Amino acid sequence: LLICYRKPKTKRAKRFLEKREPKLKENTKIAMLIKGGNANLRVTEVLKDIYAVKKPFAVLYRKKNITRPFEDQTSLEFFSKKSDCSLFLFGSHNKKRPNNLVIGRMFDYHVLDMIELGVEKFVSLKDVKNSKCPEGTKPMLIFAGDMFDVNEEYRRLKSLLIDFFRGPTVPNIRLAGLEYVLHFTAVDGKIYMRSYKVLLKKSGCKIPRIELEEMGPSLDLVMRRTHLASDDLYKLSLKQPKALKPKKKKNISHDAFGTTYGRIHMQKQDLGKLQTRKMKGLKKRPAEKAAEDSGVSPKKSKSA
Amino acid sequence: MVAVRVEEVLAAAEEQEAEKRRSVVVEKELELEFDLGNLLALDRNPPPAAQLRGVGPQREAQLLALARDNTQLLVAQLWELPAERAGGAGGPLVARLPEPTFRLPREKPPPRPKPPTRWEQFARLKGIRRRKRTSLVWDEQAKEWRRRWGYRRAGGDPARAWLAEVPAGADPEEDQFARLRREKRERVARNELNRLRNLARAHRAGAAVPAVPLHPTGHQSKEELSHVARVARVSTASLGRFQPRLPKEPAEPPSRSGGRKRRFEPLLGNLAAERSRQLELLKDMGSKKPVLDITRAVNKQLRQEEAEAAAAKGKKQSQRGKRGRRQ
């Protein structure tokens, strides 16, 4: 809030506050990875691996925080406000819900959606002995399975996962740098998340042949509880300001052959005053001009 | 002979092309949906559940095959995008991505347009536009370009100004340095006040003003308190029907519309009541006795005036007493 509870005294403080206020085009969402009071080794490893995938747009909290996201959301909202994070992943473990991950997002520092997932099988980055791709690569996301369209909870989960792993929105991308793909399959009530390194092999034509190599974290997830936002709150959060809509370029048209036509609107012209080319030969000579003048002038008699 | 050979050659060439393309073509029942701005592909085909039910490496192989097919399709789409060589001829091939189409919720609500400040309104009215100022100014004395304000500014350090001219109509005894300092302080204060006023105006325009203003405790009027108490009473799940009243609180009759609208009797209700009401009305209209009892009205007025006089006298006495005590 640049409103004056405390006016920022340095430029750096002002920039810090400006970064956090609502903008037309928003910053990349940052995720906070939190351990619960009873987090076990597996859940901690999951958090560390996701942190490695999502660097630098993630913060990993080192200490354990004794909260229960589904009961009380104030603690999460406080963290979100302090670190300006709108995505979170909370890991915990107890007998009733073993290896529990709560993935969620915020709107205006209040919890929007939360989905609880159980980790059934986990293969970590260090367990897979293949080469990895560089940190900060924008991943390709693929969702397979009709459950992701049919079931409302799965649809929200799909939206949450896209939001989580998307990374920054870029205008251009280097085609040779598409190295990382995250593949989610929904089958039999389970969600399989696999990460592969993409190898582009030569094929006869322009499009390369793809070979995949298993890399990185792979998780077998099962959906447990959900806390989804009501429809109108969700619609409110989806609302984009009008200024972001691309402006339509008027008076430009294309025809089938690829020619671009433009349309110019002119004001009314006085054709008598048009500047045309000067033809020196047609210019009236002084003798002719005098003759014309005397002929044309009215019968003026010079009275003395 | 030549024709046959030509046909053979063409067929062979087609065979080769198809062979090449086979390695990158993937067959799917339903087409995938692509959002290239997000590098996203959505596969609606139901996955082969029977195969994926197997445990261990078999499942992994199946998942890998599925992922490979989907990734191939996505990469094919990405390679279709308009690409150019960034950084000259030898640079990497860079594709221009379209805007992402998948709708994702925002992080924070979109910023509300701020109302214009007093200066901005005035400038718009007069047609004054912002002039871009140069960051450096030519300093005649130092004979170099100096910054407009800040460290080593163009006019010299204002703290070291050793001369302050006495203006034409001023008092010769007045301390000019003090006057300059005081005026600067006043200017700063006025600027800060205007900034706060602009912010308050913007804040007021943005935030919703509550319908009934709630003052802090101790500053509330009787009406405000009673209104708030009434609202609190009705804010239960059963809309205040079973709320016990305080010992001295008067029993309020239930009015659904909160005492706002006029309630009319239904048209064809109690015929006997209507009849008696009409007869009463006719009787009052026909009787010689006036409805207004003059004596009672006059007595009431006199009593009211006496009460007011007594109240005023009491106040005056207390005031006089206070004055006396102060002395």
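Being a predicted model, the structure only gives us computed values, none of them experimental.

### Remarks on the overall build of chain B
Logical step 1: A tally of helices and strands in chain B yields eight helices and six strands.
Logical step 2: Secondary structure elements of chain B occur, N-terminal to C-terminal, as α-β-β-α-α-β-β-α-β-β-α-α-α-α.
Logical step 3: Taking the contacts inside chain B whose residues are at least 6 apart along the sequence as the reference set, 32% of them involve residues at least 24 apart.
Logical step 4: About 28,200 Å² of surface is accessible on chain B, with carbon and sulfur atoms providing 56% of the total.

### Observations concerning the pattern of salt bridges
All names here are of chain A.
Logical step 1: Overall, the coordinates contain 29 salt bridges over all chains when judged by the stated rule.
Logical step 2: One salt bridge in this structure joins Lys29 and Asp163, with 2.8 Å as the shortest N-O distance. Here Lys29, found in the loop between helix H1 (11-20) and strand E1 (31-36), pairs with Asp163, found in helix H5 (residues 152-165); they are 134 residues apart in sequence, far enough to count as distant.
Logical step 3: Looking at Asp163, the relative accessible area reads 3%, which means it is buried.
Logical step 4: One salt-bridge network, held together by shared partners, links Lys29, Arg105, Asp113, Glu152, Arg155, Arg156 and Asp163.

### A closer look at the confidence of the model for chain B
Do not read the predicted coordinates in detail wherever pLDDT is low.
Logical step 1: Scored by pLDDT, chain B comes out at a mean of 83, with 88% of its residues at no less than 70.
Logical step 2: This prediction of the complex comes with two scores: 0.66 for pTM and 0.79 for ipTM.

### Focus: the confidence of the model for chain A
Logical step 1: This prediction gives chain A a mean pLDDT of 87; 94% of its residues lie at or above 70.
Logical step 2: Ranking the helices and strands of chain A by mean pLDDT puts strand E3 (residues 87-92) of chain A first, with 95, and helix H7 (residues 286-296) of chain A last, with 68.

### Re the packing of aromatic side chains
Residue and element names in this part refer to chain A.
Logical step 1: Applying the stated rule across the entire model yields nine aromatic pairs over all chains.
Logical step 2: Considering the side-chain rings of Tyr61 and Phe79, the 5.4 Å spacing of their centres and the 75 degrees angle between planes classify their relative orientation as edge-to-face. On the criterion of sequence distance, the pair formed by Tyr61 in strand E2 (residues 58-65) and Phe79 in helix H3 (residues 74-83) is long-range, its members being 18 residues apart.
Logical step 3: Given the relative accessible area of 15%, Phe79 is considered buried.
Logical step 4: For the pair Phe164 and Phe165, a centre-to-centre distance of 5.2 Å together with 65 degrees between the ring planes defines the contact as edge-to-face.
Logical step 5: Since its relative accessible area comes to 1%, Phe164 is described here as buried.
Logical step 6: The class of Phe165 is buried, set by a relative accessible area of 6%.
Logical step 7: Cluster of aromatic residues (ring-pair linked, three or more members): Phe143, Phe148, Tyr154, Phe164, Phe165 and Phe184.
Logical step 8: Sitting above the plane of the Phe164 ring, Lys54 keeps its charged end 5.3 Å from the centroid.

Conventions and cut-offs
Residues numbered from 1 in each chain as written. Chains lettered and ligands numbered in written order. Predicted model: local features only at pLDDT ≥ 70, side-chain atom pairs only at ≥ 80, totals over all residues. Heavy atoms only, no water. Helix = DSSP H or I, 4+ residues; strand = E, 2+ residues; numbered from the N terminus. Contact = heavy atoms within 4.5 Å. Areas by Shrake-Rupley, 256 points an atom, 1.4 Å probe, with all protein chains shown as cover. Salt bridge = Lys/Arg side-chain N within 4 Å of Asp/Glu carboxyl O. Buried < 20%, exposed > 50% of the residue type's maximum accessible area, 1.4 Å probe, protein only. pLDDT = per-residue confidence, 0-100. Phe/Tyr/Trp six-rings, centres within 6.5 Å; stacked < 30°, edge-to-face > 60°. Lys NZ or Arg CZ within 6 Å of the ring centre and 35° of its normal.

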